[in-house]
Amino acid sequence: MPVKTDNKARGRWPEIIRWTMHTLVLVLSVLLIVYISADTFEGDDFLANSRYMTFQFWVCMVFITDFFMDMYFATSKWRYVGHNFMFLLLSIPYLNIVGQAGVELSAEALYFVRFIPLARGALALSIVFGYFSKNAVSSFMVSYLVMLLMVVYFCSLIFYRFEHAVNPQVDTYWTALWWAAMNMGTAGCNINPMTVAGKIAGVVLPIAGMVIFPLFTVYLTDYVKRRRTQ
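Here the residue numbering is sequential within each chain, running from 1 through the sequence in written order. Only residues with pLDDT of at least 70 are given local features in this predicted model, and only at 80 or more are side-chain atom pairs given and counted; all residues enter the totals for whole chains, interfaces and linings. Only hydrogens and water are removed before side-chain values are computed, so all heavy atoms of the structure are retained for them.

Section: the packing of aromatic side chains
Then step 1. A pair of aromatic rings is counted whenever rings of Phe, Tyr or Trp (Trp by its six-membered ring) have centres within 6.5 Å, and the orientation is called stacked for planes under 30 degrees apart, edge-to-face for over 60 and tilted otherwise. On inspection of all chains with the given rule, the structure shows 12 aromatic pairs.
Then step 2. Ring geometry for tyrosine 72 versus phenylalanine 73: centroids 5.2 Å apart, planes at 70°, classification edge-to-face.
Then step 3. Only protein chains enter the area calculation, which uses a 1.4 Å probe; residues under 20% of their type maximum are buried, those over 50% are exposed, and those in between are partly exposed. With relative accessibility at 26%, the residue phenylalanine 73 sits in the partly exposed group.
Then step 4. The structure contains a cluster of three or more aromatic residues connected by ring pairs, namely Phe41, Tyr153, Phe154, Tyr160, Tyr173 and Trp174.
Then step 5. Sitting over the face of the ring of tyrosine 72, lysine 77 holds its NZ or CZ atom 5.9 Å from the ring centroid.
Then step 6. Two conditions define a charge located above a ring, namely a distance within 6 Å from the ring centre to NZ of Lys or CZ of Arg, and an angle within 35 degrees of the ring normal. The aromatic ring of phenylalanine 162 is capped on one face by arginine 161, whose charged end is 5.2 Å from the ring centroid.

A closer look at the confidence of the model for the protein
Then step 1. On a range of 0 to 100, pLDDT expresses the predictor's confidence in each residue. Per-residue pLDDT for the protein averages 78, and the proportion of residues at 70 or more is 81%.
Then step 2. Confidence scores differ between elements of the protein, with helix H6 (residues 116-131) showing the lowest mean pLDDT of 68 and helix H8 (residues 173-184) the highest of 90.
Then step 3. The criterion used for residue contact is that any of the two residues' heavy atoms lie within 4.5 Å. Note that pLDDT drops below 50 for residues 1-9; the model gives that stretch zero contacts with residues more than four away or on any other chain. Elements are defined by DSSP. Helices are runs of H or I of four residues or more, strands are runs of E of two residues or more, and each kind is numbered from the N terminus.

Quick look at the side chain of serine 29
Then step 1. Assignment of secondary structure puts serine 29 in helix H1 (residues 2-42).
Then step 2. Owing to a relative accessible area of 1%, serine 29 belongs among the buried residues under this scheme.
Then step 3. Here the side chain of serine 29 touches valine 25 through a polar contact of 2.7 Å, landing on its backbone oxygen.
Then step 4. Dropping the residues within four chain positions of it, serine 29 is found in contact with Phe63 and Gly121. Identification of polar contacts relies on pairs of N or O atoms within 3.5 Å, with a donor-acceptor requirement for protein atoms, meaning one able to donate a hydrogen and the other able to accept it, and with residues adjacent in sequence counted only if both atoms are side-chain atoms.

Here's the deal with the packing of helix H4 (residues 94-101) against helix H5 (residues 107-114)
Then step 1. With axes taken as lines fitted to C-alpha atoms, and helix axes fitted only over the stretch in contact, angles between N-to-C directions fall between 0 and 180 degrees. Running from N to C, H4 and H5 point in directions that differ by 140°, and their axes come no closer than 8 Å. Taken together, H4 and H5 sit at an angle that is classed as oblique. Across the interface between the two elements, Tyr94, Leu95 and Val98 from H4 touch Leu110, Val113 and Arg114 from H5.
Then step 2. Classes in brief: Ala, Val, Leu, Ile, Met, Phe, Trp, Tyr, Cys and Pro nonpolar; Asp, Glu, Lys and Arg charged; the others, Gly included, polar. Tallied by class, residues from the contact of H4 with H5 come to five nonpolar, no polar and one charged. An angle counts as roughly parallel when it lies under 35 degrees, as roughly antiparallel when it exceeds 145, as roughly perpendicular when it falls between 65 and 115, and as oblique in every other case.

What follows is the structure in structure tokens.
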């Protein structure tokens, strides 16, 4: 009997470790979003902020550790790598590598590089929110809804950061958020981007909208079918 108890306790440890790491990833993802949002609104130079660079580096290290930990506990390691390799690519601290290597990039390029760990965090948030759904279809839709909201928010930050100083139409952040939401919905907006970063965000948003919004139609169709069969 004691042996069985020990085996059962050992079997719980991987789950405890994994949930601890996943919780840490979520907390750090939220903190990273808050940090970048604050820097954007205050107009700080993040490359000159050693605290931010150190914070992002260790956040990326936790993301990478989480990836390899899950791979270690996975039943089929190669299948896990194949399905989740993008998470590893998004976890690499590219901004720190660029800074240490002395690579010269434009301000727009550096700002987009800064958002790579945020994409990793957004994916983690979307997956966790999806866990709270009652079935696989609802989980799928909740995950995509969170991703859609994250894309709108990130693009609004980028648009505000680069357009606010040069575009008289972008007077507040809420204007940038309205612009991002309208472009995501493919309705368009009367605010015209003047910077390269703003134009790139203006291309990404409608593409994301055209990919994600049809999924809601599929979800609603499935929901109506399930209701009729009950």
